[in-house]
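Descriptive analysis of the structure
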Amino acid sequence: MNRLGQKDHETLIEMALAADGEDSNGPLCETISNTESELRSNSEGLSSTETSLLIPDHQVISKRHQSKDSVFFRDGVRRIDFVLSYLDDPNKEEEKKAERRREFEKNLQKAGLELETEDKKESEDGKTYFVKIHAPWEVLITYAEVLNIKAPIKENDIPPTVENPLDCILEPFRLPEKVMHPEPDYFTAPFSKSRQELYLIDNESTFFSPSRRNRIVYYILTRCPYGTEEGKKKFGIKRLLSNGTYTAAYPLHDCQYWKKSNDPNCDNERYTLYMEWARFLRFYKEQPLDLIRKYYGEKIGIYFAWLGFYTEMLFFAAVVGLICFLYGLFTMDENMSSTEICAPAIGGEIIMCPLCDEKCEYWKLNTTCESSKYSHLFDNVATLFFAIFMGIWVTLFLEFWKRRQARLKYEWDLVDFEEEQQQLQLRPEYEAKCTHKKKNPVTQEMEPYLPLTSQAVRFCISGTTVLFWISLIIASMIAVIVYRLAVYAAFASIMENTQTLQPISGLLTPQLATSVTASCLNFVIIMILNFLYEKIAVWITDMEIPRTHLEYENRLTMKMFLFQFVNYYSSCFYVAFFKGKFVGYPGTYTYMFSRWRNEECDPAGCLIELTTQLTIVMAGKQIWGNIQEAIVPWIWNWWGRRKARCNPENLYSRWEQDHDLQSFGALGLFYEYLEMVIQFGFITLFVASFPLAPLLALMNNILEIRVDSWKLTTQFRRPVAAKAHSIGVWQEILNGMAILSVVTNAFIVAFTSDMIPRLVYYYAYFTNEDSPMSGYINNSLSVFQVSDFLEGKRPENNPENFLTCRYRDYRYPPGHEKKYLHTMQFWHILAAKMAFIIIMEHIVFIVKFFVAWMIPDVPAEVKARIKREKFLTQKILHEYELDKLKQKLCECKTYENMEKEVIATEGKVELSQAM
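Residues numbered from 1 in each chain as written. Predicted model: local features only at pLDDT ≥ 70, side-chain atom pairs only at ≥ 80, totals over all residues. Heavy atoms only, no water.

1. Notes on the overall build of the protein
Helix and strand counts for the protein stand at 31 helices and 18 strands. Going through the 915 residues of the protein one by one, you find that 53% of them count as buried. Looking at the protein alone, contacts between residues at least 24 apart form 77% of all its contacts between residues at least 6 apart. For the protein, the exposed area adds up to about 42000 Å²; of that, 59% sits on carbon and sulfur atoms. (Helix = DSSP H or I, 4+ residues; strand = E, 2+ residues; numbered from the N terminus. Buried < 20%, exposed > 50% of the residue type's maximum accessible area, 1.4 Å probe, protein only. Contact = heavy atoms within 4.5 Å. Areas by Shrake-Rupley, 256 points an atom, 1.4 Å probe, with all protein chains shown as cover.)

This is the structure in structure tokens:
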């Protein structure tokens, strides 16, 4: 490429200043434009295509002679680091968009990037232009220093850890070494442009991996100005995408996922990820985390590391939960409560009060025989053990994850990484919308800020909007409760009076029928509200104008999680802690809105209904989530490229193939975390009611890992690489849910299950020493005199002239001086429930905090390796500086002055070694 002229040195900020004449944050760095620019006298009149095409005519390769399934410019040398696309769509706005593109691309060239444009005639649809971007060496090393990217200086000589004796057993689950560790382990140091000879630079074109190259280019794209509109400076590719100037901006995958590239220099990492990771048949294999990190960046790598570790830990919870379930299954026939309910001489003789006013009839207790048996599957002694176990399990999970995270931070060179500079720097949207400026007390530079009054107004609007939507969730939950109350009477009447339903009446009780239909209705409402609120949450977060990317993600996370927490868990909280607790008794029932009688629990307890609710919402969410994640993107991609599939490979270019894929988006990873954290809530907050929840979650996550990897590798464009040293704010959310889970499970065992009443009867109120639990059902049901029904509430039909009926409560019988008041047994049971909650919470919390204290967050071996690497890296850097000083001694400085510098530098080395 021939250099026709040399542009002045300009930075992105200096270009922005030239655009609007305002002060800004100061220069980010100096960049030397090394593009082959046009002569200044001619550049102003050129089109976007002409100004961005950098290759002289003799280097242009005909489309007929070169396969376009390539990740290089037409010269076959310069790598395509990013692609911009736009449509040729003539309208009144097109001229303005073309002007923005000309200015933007000219400023990209000034920043040092090299551009090449594919004409629309060469695209598959004949309408789309593609602008290919290449970052030359000078740009890469300049911005590598700005972004504090670490580069290798020496191969790691620390011996590996001692092999695990169980490695031979785990061999079938291992991947090949080349896949697991695609790069050697190096000592690294932040890149410095002024001391390039210190780093292991074998080849400038491959020194920076494609993921690092696209991160650098994206950093420039988000800050490059394109002019001034309405008196305000405009910059950044995000704004150009939102106003339609460009239709897409994305880095390229390195090859097709189903076959290797013909280019011998291609690493074919996408193909390797697909074959070894993204196929479901590899579900039993470990994940190639180092390769994921190399290809997609640390942020996506840490997500899959967390998801894999969470799935591994779920295995232990699932095994214990399955054992508890099997215990309930094998002891089902030994359960005295269900035996008495099913016995014709006991349950068949107990007449229960009607389930609704007037229309419902009296019914026999043994009609709930089957449901009482199934209730024992989840409401047994193992429930208490499992609740305590999960309280400890969640602590072990979080503590061991901290250790795993610390190891990854060391292996991925994130030890000294607080938050990526790109995350902590001001968002382009913040800089564009904030017209006020003030001096930063740290940097002493002028920077934009949002006045306090404006912040207060925006937060008020945001808070009011969030409260409104949470109120909407509560209103929808009340509507579902009203539905339950309204149809409960209808189900009870239909099942008692319809002969065709008699064969299944023992299995499908009115309570269960109501619970199932209400749960399905509730799930549909949850999905609708989720879809609407996602749009609102993004809008109000944008309206708040967060200062940094990290602040933006944290605010959006808290809004979405708070909403989803209320949305998904409110119905479970209702069934667990409110249903059947405020019913009253026959003759004095409690009514909602003075119209609908409050629901009663099944005689065997409300736990089976909580299990039903939890199963439907949790399983429904997982099934719907997998459909959304896998099937929907596949359908869109199939529809978008159905014609292009018929084209020869040399006409269907690499940038067009990726353009036809779905965009992962800035919030793609956010929704993945949110889905898993909501699932984590289901298996911790309400696990006492459903021991199989961890097993369901385990099976879902095994599928989830492969679905996420498959869609990321095959259905989505390559995301822009980003760094992250942890899972961020999600760690605090998980800690909060872990603490809350102890409280909720203690209350479920105490108030939702029948365990405490049974234990009180077993130890204090038994009547048969040989069989202490016999007589429990009769003891737990109070007697009501039919003549005490109020007018309008009495059943219309009483063909057998029953004088009394039974109901679930502990109250004095008719004829007693304390008629229908709570008995002393009721207060004993209540006291036992409160005592159980206090004791269980204290025991679990003490064990949790003791375990957390006993397990260090960073393994001792990792601490030693970090110290060793810091020492050796520092020594290498000091020796390098010492050599440079000695060279200067020979070249330009007097011996006396230079000797002092050498002595001072040697002193620093000795001090470092001593430390």
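2. Considering helix 5 (residues 137-146)
One turn of an α-helix holds 3.6 residues; hence residues three or four places apart share an orientation. For helix 5, the tally of buried residues reaches eight of 10 residues, placing the bulk of the element in the interior. Within helix 5, the full set of buried residues consists of W137, V139, L140, I141, T142, Y143, A144 and V146. One or two positions beyond helix 5, positive phi appears at N148, with a value near 60°.

3. Let's talk about the confidence of the model for the protein
It should be kept in mind that the predicted coordinates are not to be read in detail where pLDDT is low. Here the protein shows a mean pLDDT of 80. Residues at 70 or above account for 83%. Between residues 13-65, whose pLDDT stays under 50, and residues either more than four places distant or in other chains, the model counts 129 contacts. (pLDDT = per-residue confidence, 0-100.)

4. Things to note about the packing of helix 16 (residues 381-411) against helix 24 (residues 668-685)
Running from N to C, helix 16 and helix 24 point in directions that differ by 145°, and their axes come no closer than 10 Å. Seen from helix 16, the contacting residues are M390, W393, V394 and F397; seen from helix 24, they are F680, I683 and T684. Its residues assigned to classes, the contact of helix 16 with helix 24 shows six nonpolar, one polar and no charged. (Axes fitted to C-alpha atoms, helices over the stretch in contact; angles between N-to-C directions. Nonpolar A, V, L, I, M, F, W, Y, C, P; charged D, E, K, R; others polar.)

5. Here's the deal with a nonpolar patch on the surface
There is a patch of nonpolar side chains on the surface, built from I623, W624, I627, I631, V632, W634, I635, W636, W638 and W639 and spanning about 1100 Å² of accessible area. Within the secondary structure, I627 is located in helix 22 (residues 607-640). Judged by its relative accessible area of 33%, I627 falls in the partly exposed class. (Patch = residues over 30% accessible without salt bridge, like charges linked within 9 Å, V, L, I, M, F, W, Y side chains within 5 Å. Salt bridge = Lys/Arg side-chain N within 4 Å of Asp/Glu carboxyl O.)

6. A short note on the nonpolar core
Residues W306, Y310, W393, F397, Y569 and F682 are the most contacted members of the largest nonpolar core, which totals 135 residues. Per element, the largest residue contribution to this core is 16 residues, and it comes from helix 13 (residues 298-330). Among residues more than four places away in sequence, those in contact with W393 are Y310, M313, L314, A317, F680, I683 and T684. Listed in part, the 49 residues of the second largest apolar core include L115, L147, F191 and L198. (Core = buried A, V, L, I, M, F, W, Y, C linked by side-chain atoms within 4.5 Å.)

7. Comments concerning unusual backbone geometry
Positive phi values are uncommon outside glycine, yet I545 reaches one of about 55°. Tracing the backbone through its elements, the reader meets I545 in the loop between helix 20 (510-544) and helix 21 (549-577).

8. Comments concerning the environment of S782
Position of S782 relative to the elements: it lies in strand 17 (residues 781-785). Classification of S782 by relative accessible area gives buried; the value is 4%. The sequence separation of S782 and Y810 amounts to 28 residues, and the corresponding C-alpha distance is 5.8 Å. Discounting chain neighbours no more than four positions away, the residues touching S782 are C805, R806, Y807, D809, Y810 and R811.

9. Regarding the environment of V516
Note that V516 resides in helix 20. Dropping the residues within four chain positions of it, V516 is found in contact with T612 and I616.

10. Some points on the pairing of strand 2 (residues 114-118)
Counting buried positions along strand 2 gives five out of five residues, so the element sits mostly inside the fold. For strand 2 and strand 3 (residues 128-134), the ladder comprises five bridges, and the chain directions are antiparallel. When the bridges of strand 3 are listed, E114 appears paired with H134. (Pairing = 2+ DSSP bridges.)

11. Some points on the packing of helix 13 against helix 25 (residues 693-715)
Between helix 13 and helix 25, the shortest axis-to-axis distance is 7 Å and the interhelical angle comes to 155°. Accordingly, the angle class assigned to the pair helix 13 and helix 25 is roughly antiparallel. In this structure, helix 13 crosses over helix 25, and the sense of that crossing is left-handed. Residue-level contacts link I300, Y303, F304, L307, G308, Y310, T311, L314, F315, A317, A318 and L322 of helix 13 to P694, L695, A697, L698, N701, I702, E704, I705, D708, S709 and L712 of helix 25. (Parallel < 35°, antiparallel > 145°, perpendicular 65-115°, else oblique. Left-handed = near helix turned anticlockwise from the far one by under 90°.)

12. Quick notes on the state of the cysteines
In this structure the tally under the stated criterion is two disulfides. Note on cysteine connectivity: C342 is disulfide-linked to C369, with sulfurs 1.8 Å apart. Handedness here is read from the sign of the S-S torsion; for C342 and C369, about 100°, the answer is right-handed. Here C342, found in helix 14 (residues 336-342), pairs with C369, found in helix 15 (residues 369-378); they are 27 residues apart in sequence, far enough to count as distant. Its relative accessible area of 13% is what places C369 among the buried residues. The residue that forms a disulfide with C353 is C805, at a sulfur-sulfur distance of 1.9 Å. Classification of the bridge connecting C353 and C805 rests on its S-S torsion, roughly 80°, and on that basis the disulfide is right-handed. Of this pair, C353 sits in the loop between strand 9 (351-352) and strand 10 (363-364) while C805 is found in strand 18 (residues 804-808), placing the two residues 452 residues apart along the sequence. Across this residue pair, the class does not change: C353 and C805 are buried. Free cysteine C255: the closest other cysteine sulfur is in C266, separated by 4.9 Å. (Disulfide = S-S within 2.5 Å.)

13. Observations regarding the sheet that holds strand 3
One open sheet accounts for four strands, arranged 2-3-1-8; its pairing is antiparallel. Bordering the open sheet on either side are strand 2 and strand 8 (248-250), each of which pairs with just one other strand. Each strand axis lies, on average, 20° off the axis of its neighbour in the sheet, ignoring direction. In the packing of helix 9 (residues 210-221) onto the sheet, contacts are made with strand 1 (82-87) and strand 3, and the angle to strand 1 comes to roughly 50°.

14. A short note on the packing of aromatic side chains
Taken as a whole and assessed by the stated rule, the structure comprises 60 aromatic pairs. Taking 6.2 Å as the distance between ring centres and 90° as the angle between the ring planes, the aromatic pair formed by F468 and W469 counts as edge-to-face. Sitting above the plane of the F72 ring, R79 keeps its charged end 5.9 Å from the centroid. The side chain of R101 reaches across the aromatic face of Y86, ending 3.9 Å from its centre. (Phe/Tyr/Trp six-rings, centres within 6.5 Å; stacked < 30°, edge-to-face > 60°. Lys NZ or Arg CZ within 6 Å of the ring centre and 35° of its normal.)

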